[in-house]
Amino acid sequence: MARFAKGQCRPCPVRTRCTTTRDNARTVGFPPRELRGLQLRVSAEQLTPEWKTRYAVRSGVEGTVNDSAHGHGMRHCRYRGQGKVRLQHVLTAIAVNIERLAGLPTEESLPARRPTAFQNYLDQHEIPRRKAWRTPGT
């Protein structure tokens, strides 16, 4: 650790970019070489496509957990006892799923998809399509 006194920091013209403390002093920490090397390796690894692919899954899960904990009050339980807490978590998860389902677009609001090449072929040769093969609105 290195600490710079007020007298050293105050006259500096770039002090506002360096510190925001009230006493205008600055403390700088220097981690051990092993830790700094580890930090640099991990930072470099986070730039690779493989790491980003792995993290994309984790990011989705962490977002869901964060939403449950902060957005739906799951950090603090209303009840005591494992059974009651579990029931609260299950009911909250059901409510979150219903909330998500309510936000999905309805089939009427979805834009109509263009027919596929296979569907066009069937239409050109006047071959009836199964209902499941039809695009919305046809």
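Below you will find a few notes about this structure. These numbers come from a predicted model, not from an experiment.

### So, the overall build of the protein
Along its length, the protein carries 6 helices and 2 strands. Mapped in sequence order, the helices and strands of the protein form the string β-α-α-β-α-α-α-α. Computed over the C-alpha atoms, the radius of gyration of the protein is 29 Å, more than 25% above the 14 Å expected from 2.2 N^0.38 for a compact globule of 138 residues. Dimensions of the protein, computed from C-alpha atoms along their principal axes, come out at roughly 90 × 50 × 30 Å. Counting only residues that meet the buried cut, the protein has 11% of its 138 residues in that class.

### Topic: the environment of Leu104
Locating Leu104 in the fold gives a position in the loop between α5 (82–102) and α6 (117–124). Taking relative accessible area as the criterion, Leu104 reaches 51% and is therefore assigned exposed.

### Some words on the side chain of Ser68
Tracing the chain through its elements places Ser68 in helix α4 (residues 49–71). With sequence-adjacent residues up to four places away left out, Ser68 is seen in contact with Gly73 and Met74.

### Here we look at the side chain of Thr92
Locating Thr92 in the fold gives a position in helix α5. Once you skip the residues sitting within four places of it in the chain, Thr92 turns out to touch His72 and Met74.

### Focus: a nonpolar patch on the surface
Together, Leu87, Val90, Leu91, Ile94 and Ile98 make up an exposed nonpolar region whose accessible area comes to about 450 Å². Along the chain, Leu87 turns up in helix α5.

### Description of unusual backbone geometry
Leaving glycine out, the prevailing phi sign among residues is negative, and the prevailing peptide bond configuration is trans. A positive phi is found at Glu126, a non-glycine position, where the angle reads about 55°. Take Glu126: it is sitting in the segment after α6. Its relative accessible area of 72% is what places Glu126 among the exposed residues.

### Topic: the pattern of salt bridges
According to the stated counting rule, one finds 2 salt bridges in the structure shown. A salt bridge links Glu62 to Arg58; the shortest N-O distance between them is 2.5 Å. A residue pair is termed a helical-turn pair when its members lie 3 or 4 positions apart in one helix, as Glu62 and Arg58 do in helix α4 at 4 residues.

### Comments concerning α5
Compared with the 30 Å implied by 1.5 Å per residue over 21 residues, the 30 Å span of α5 between its first and last C-alpha is a close match. Among all positions in α5, only Val85, Gln88, Thr92 and Val96 are buried. Along α5, the residues classed as buried sweep out an arc of 70° about the axis, all on the same side. Exposed residues on α5 whose side chains face more than 90 degrees from its buried face are Gly83, Arg86, Ile98, Leu101 and Ala102.

The rules behind the values
Numbers given to residues run from 1 along each chain, matching the order in which its sequence is written. Note on the predicted model: pLDDT of at least 70 is required for a residue's local features to be given, and 80 or more for side-chain atom pairs to be given and counted; whole-chain, interface and lining totals, by contrast, use all residues. Hydrogens and waters are ignored; side-chain quantities use all the structure's heavy atoms. A run of H or I in DSSP counts as a helix once it spans at least four residues, and a run of E counts as a strand once it spans at least two, with each numbered from the N terminus. Atoms counted for the radius of gyration: C-alpha only. Globule rule: 2.2 Å times residue count to the power 0.38. Burial classification: accessible surface area is computed with a 1.4 Å probe over protein chains only, and a residue below 20% of its type maximum counts as buried, one above 50% as exposed, and the rest as partly exposed. We call two residues in contact whenever any of their non-hydrogen atoms come within 4.5 Å of each other. Surface patches are drawn from residues lacking salt bridges whose relative accessible area is over 30%; two like charges belong together within 9 Å, two nonpolar side chains (Val, Leu, Ile, Met, Phe, Trp, Tyr) within 5 Å. All accessible-area figures derive from a Shrake-Rupley calculation using a 1.4 Å probe, and residue coverage is judged against the displayed protein chains alone. The term salt bridge refers to a side-chain nitrogen of Lys or Arg lying within 4 Å of a carboxyl oxygen of Asp or Glu. The length a helix should cover is 1.5 Å for every residue beyond the first. Directions pointing from the helix axis toward each C-beta atom define the arc.

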